[in-house]
Every structure is written in C-alpha cells, then in structure tokens.
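Fold and geometry: a report
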Amino acid sequence: MSRELRKTAVSNYRKKPRKKKYKFKYKEKAVEREAVAVKRHQCDFTLLTAIILLSFVGIVMITSSSYYYSYNKFADSLHFFKRQLMWLMVGFGVMFFMMNFNYKLLKRFALPLYVMSNFFLVLVLLIGKEINGAKRWIEIVGPLGFQPSELAKVATMIFMAFYLSKNYKQVKSWNFLLKSLVLIGIPILLIAIENLSTAIVVMSIGMALIFLSGVPLRRIVAMFVPVAGLGAFFLLLPLLNIPGLSKMAEDLMYRIDRIQIWFNPWSDPLGGGFQTIQSLYAVGSGGLFGVGLGQSMQKRGFIPEAHNDIIFSIICEELGLFGAAIVLMLFLILIWRGIKVSMNAPDLCSSLMAAGAVTQVAVQVIINVAVNTNTIPVTGMPLPFISYGGSSLLFLMISMGILLNISRYSKE
C-alpha cells in the first residue's frame, strides 16, 4: 500500500507545472544572455566600408562638379566642398552614435517620430521656404534648415516596422491592410503635394515593409486597384475646369509636359529638354574610362547645378563606364549586405527596419540613375551619399546607423 501511495505522490509531483515553468524561464534567460552576447559583436564591416567609400566618392565628385559653379556664384571654388564636408562629419558622428545606440529603444519613439514628421510636413506647406517653385524647406537659423520629407523617410520606416511587428498576427486581415495603407498614405499625400519623387520613396518603403511583414501579395495588388482609380480621378479632376482647381491643373500640365519631354527631349532643346540632353551628352562622352577627373565640359554651365541630382552623369563623363560601374557596384554591395542584415535580424521589428533602410537607398539609386539616363521622366532625386545636400545626407546616415546597429545583433 505504501508503494502505491509513493507512486501516486511521485506521479502527482510530476504533473505539477513547476519544472516546465522553471525550464521555460531558464530558456528565456538563456536567450537574453545570447542576445547580450550577440550585441557585443562587431558591426558588418563590409557594409561600413561601402558607406565610407561612397561618402568619399561623394566628396570628390561634389568638389569636381561644383568648383566652376561655386567660383562664378560665390567666388570660392570650394564653397560646396566645405559645406558638404561639414555635413559629412556631422553625419558620421550621428551614424556612429546610432550604431552604438540600443535600437530597441526606438520603439518608444516610433509614434512620436511619426506624428512629429507629419506635423512638419504640414508646417512646411504653410511656412516653408519656396525654392524653384516648391516649398520643401523649413529654415531654422539663417541658411540652416532641413527638409521634413527626409525626416519622414526615417520616421515612417521606424513607425511602420514597430506597428507591423506589433500586429503581425493580423497580417491576413483586410482591416489590418487598410489601416497600414492609411498610415503610410498620410505622409505620402503630404509629401506628394510638393515633391512627387520623395513621395515615391516613402511609398516604396511602406509597401516593402507591408509585404515583408507577411501580408499576401494578392491583397496588396487588389487594394491598389481602387487606389489607382482614385489617383486617376484626381489627375483628371483639374481638366474639368472646376473653380478653385487652377493650381492642380497647372501641376497636372507640368507633369504631362515632363512626360512628353521624356519621349523626345529634342522637341524643346532649350527648355524642358535642356537638362536631359546635356545629361545624355555627359554620359555618352565619357566612354570607357572617362575624360578625367575634373575635366568635364558639361558642368561648365551646360548642366545647371551639376553637383545635385544630375551628378551621376558627371561621374560617367569624368570616370567613364568603368568608374560608374564601380560606384554602382558599391551600391550593390551595400544593398546586398543590408539584405543579409535584414534576413539575419533577431526579431521582426529590427528585420523590417533594416529592410526599410535598404529600400530607401535602392529606390533612390534606381530613380537617380534612371533620370540621368532618361529611362524615366525627369524628377528630382539625390544620389545617396554622393549628391550635394546636408539634410538628405544627415537623415540617410541615421538610417545607415540603425542598419549597422542591427547588424551587431545578427544571428550569423
């Protein structure tokens, strides 16, 4: 009888969940210790090297492409070089800070960043400084300012990664997809009013994260049909001559003219097609090895502000096909390593943030190179790390710092 009681007591003890709880907690602690150990790993050295080399190429090409324009306008051939070097030093400082900052704390700032970026996007439409017919800048002190659309890229990336990872169990819900599209649609619409190309970048980041979070592709495509129909309606609305829509009609005709110029730049060689023609001349005259660093002819008044969005054509002219291929190879290495970081990230949120940073660089490179070679209609889009621009470089370095930070948690 005592033997049977002892067996019953032993079996009852085994049924108690204390051991399972203990094992579960032990596993949790082991995972935490493993995460801490991974955090001590070095960042992706190949990724960091690609960023540094592209930044170096940017400084060299900005100096080469701007010294003629800088001397004529500011009587200082190194005007843009000095300013870009200052922003690059600040950018590297911010990048290394974000690289060593605990990226998991970004979850706390995801919603405030998203709200703040949308606030600035509204503010720039009201009090923004108008440059070349578009309000894209908010001045802070004197010449210092920033573009809220650049902040929106980083804020949307962080917020959408947090939101999608938090609600990942609802990815197959139509309601979830609709909410996600509304959240990315708000900054896209606010940016598209003055800057369509940047709106495309933000849209690409948002849609990439929605797809990678697990939303079925067929649902995304199905949702795009009514969205495209609504967009077509707004494009055709100005043609109805409704009072109060004159500004929209002007914008529409301006974009239609750009598409016509894209098909045949030589139809208006001294107007809308001038920049495209001069860019193609620069790309074609470079040959295999280029005319030599600093020897470009197109930057001497033929291409206006060659150090900005059209700088890739100067690279092709001065460094040739060989030099342009090296630059594109550096971008491919950066994108490849970024994808690896995203695939080996420790959790869904960090994986989506890494994917967002890579998408930002990839889309901007594609658009810039396509514009310089007249593959798509002309639109303003800086070449990452290389085109002149302080705020664009600063926020890009923030994204790269987050990407490098996540690489330290890699599972490999």
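Since the model is a prediction, treat every value here as computed from it, not as a measurement.

Rules used throughout
- Residues numbered from 1 in each chain as written.
- Predicted model: local features only at pLDDT ≥ 70, side-chain atom pairs only at ≥ 80, totals over all residues.
- Heavy atoms only, no water.
- Helix = DSSP H or I, 4+ residues; strand = E, 2+ residues; numbered from the N terminus.
- Buried < 20%, exposed > 50% of the residue type's maximum accessible area, 1.4 Å probe, protein only.
- Contact = heavy atoms within 4.5 Å.
- Areas by Shrake-Rupley, 256 points an atom, 1.4 Å probe, with all protein chains shown as cover.
- pLDDT = per-residue confidence, 0-100.
- Axes fitted to C-alpha atoms, helices over the stretch in contact; angles between N-to-C directions.
- Parallel < 35°, antiparallel > 145°, perpendicular 65-115°, else oblique.
- Left-handed = near helix turned anticlockwise from the far one by under 90°.
- Nonpolar A, V, L, I, M, F, W, Y, C, P; charged D, E, K, R; others polar.
- Polar contact = N/O pair within 3.5 Å; in protein donor to acceptor, adjacent residues only side chain to side chain.
- Salt bridge = Lys/Arg side-chain N within 4 Å of Asp/Glu carboxyl O.
- Phe/Tyr/Trp six-rings, centres within 6.5 Å; stacked < 30°, edge-to-face > 60°.
- Expected span 1.5 Å × (residues − 1).
- Core = buried A, V, L, I, M, F, W, Y, C linked by side-chain atoms within 4.5 Å.
- Patch = residues over 30% accessible without salt bridge, like charges linked within 9 Å, V, L, I, M, F, W, Y side chains within 5 Å.

1. Topic: the overall build of the protein chain
Broken down by element type, the protein chain carries 14 helices and 3 strands. By residue count, 46% of the 412 residues in the protein chain fall in the buried class. When contacts within the protein chain are restricted to residue pairs at least 6 apart in sequence, long-range pairs at least 24 apart make up 73% of them. Total accessible area computed for the protein chain in this model is approximately 21900 Å², and 68% of it derives from carbon and sulfur atoms.

2. Topic: the environment of Gly301
Among the secondary structure elements, Gly301 is positioned in the loop between helix 11 (274–285) and helix 12 (311–343). With relative accessibility at 59%, the residue Gly301 sits in the exposed group. When the C-alpha atoms of Gly301 and Asn72 are compared, they prove to be 9.9 Å apart, with 229 residues separating the residues in sequence.

3. Thoughts on the confidence of the model for the protein chain
Low pLDDT marks regions whose predicted coordinates should not be analysed in detail. With 80% of its residues at a pLDDT of at least 70, the protein chain reaches an overall mean of 81. Predicted confidence for residues 12–39 stays below pLDDT 50, and this span has 10 contacts to residues more than four positions away or in other chains.

4. Focus on the environment of Asn195
Checked against the element boundaries, Asn195 lands in the loop between helix 7 (174–192) and helix 8 (196–212). Other than its neighbours up to four places away in sequence, Asn195 contacts Arg136, Ser149 and Gly380.

5. Overview of the packing of helix 5 (residues 106–127) against helix 7
Orientation of helix 5 relative to helix 7, taken along the N-to-C sense of each, is 25°, at an axis distance of 9 Å. Looking at the two axes, helix 5 sits roughly parallel to helix 7. Handedness of the crossing formed by helix 5 with helix 7: left-handed. Across the interface between the two elements, Tyr114, Asn118, Leu121, Val122 and Leu125 of helix 5 pack against Leu183, Ile186, Pro187, Leu190 and Ile191 of helix 7. Looking at the contact of helix 5 with helix 7 residue by residue, the class counts come to 9 nonpolar, 1 polar and no charged.

6. Thoughts on the side chain of Ser392
You can see Ser392 is positioned in helix 14 (residues 390–407). A polar contact of 3.3 Å, which involves the side chain of Ser392, links it to the backbone oxygen of Gly389.

7. Focus on the pattern of salt bridges
Summed over all chains, the structure comprises 4 salt bridges. A salt bridge links Lys82 to Asp76; the nearest nitrogen and oxygen atoms lie 3.2 Å apart. The exposure class assigned to Asp76 is partly exposed, which follows from its relative accessible area of 24%.

8. A word on unusual backbone geometry
Residue Ala75 is not a glycine yet carries a positive backbone phi of 60°. Note that Ala75 resides in the loop between helix 3 (45–74) and helix 4 (79–100). Given a relative accessible area of 60%, Ala75 falls into the exposed group. You will see that Asn374, though not glycine, has its phi angle at about 60°, which is positive. Tracing the chain through its elements places Asn374 in the loop between helix 13 (348–372) and helix 14.

9. Observations regarding the packing of aromatic side chains
One pass over the full model with this rule turns up 12 aromatic pairs. On the basis of an interplanar angle of 75° and a centroid distance of 5.7 Å, the ring pair of Phe74 and Phe80 is categorised as edge-to-face. A relative accessible area of 37% means that Phe74 is categorised as partly exposed. Through pairs of rings, three or more aromatic residues link up here, namely Tyr69, Phe74, Phe80 and Tyr388.

10. Details of helix 6 (residues 148–166)
One full turn of an α-helix is made of 3.6 residues, so residues set three or four places apart face in the same direction. A rise of 1.5 Å per residue sets the reference length of helix 6, with its 19 residues, at 27 Å; its end C-alpha atoms lie 26 Å apart and thus fit the reference within 8%. Burial runs high along helix 6: 17 of the 19 residues are buried.

11. Topic: the environment of Pro112
Mapped onto the fold, Pro112 is located in helix 5. Under the relative-accessibility criterion, Pro112 is labelled partly exposed at 46%. Once the C-alpha coordinates of Pro112 and Ala155 are considered, the two residues, 43 residues apart in sequence, prove to be 8.9 Å apart.

12. Notes on the side chain of Asn368
Note that Asn368 resides in helix 13. Owing to a relative accessible area of 1%, Asn368 belongs among the buried residues under this scheme. Look past the residues within four positions of Asn368 in its chain and what remains in contact with it is Asp309, Phe312, Met381, Pro382, Leu383 and Ser387.

13. A look at the nonpolar core
Within the largest apolar cluster, 103 residues are counted, with the highest numbers of intra-cluster contacts made by Ile210, Phe385, Ile386 and Met400. It is helix 13 that provides the largest number of residues to this core, a total of 14 residues. Once residues within four sequence positions are removed from consideration, Ile210 is found in contact with Met160, Leu164, Leu177, Ser180, Leu181, Ile184, Val215 and Ile220.

14. Concerning a nonpolar patch on the surface
Nonpolar side chains collect at one region of the surface, where Leu288, Phe289, Leu321, Phe322 and Ile326 lie side by side and expose about 550 Å² of accessible area between them. Structurally, the position occupied by Leu321 is in helix 12.

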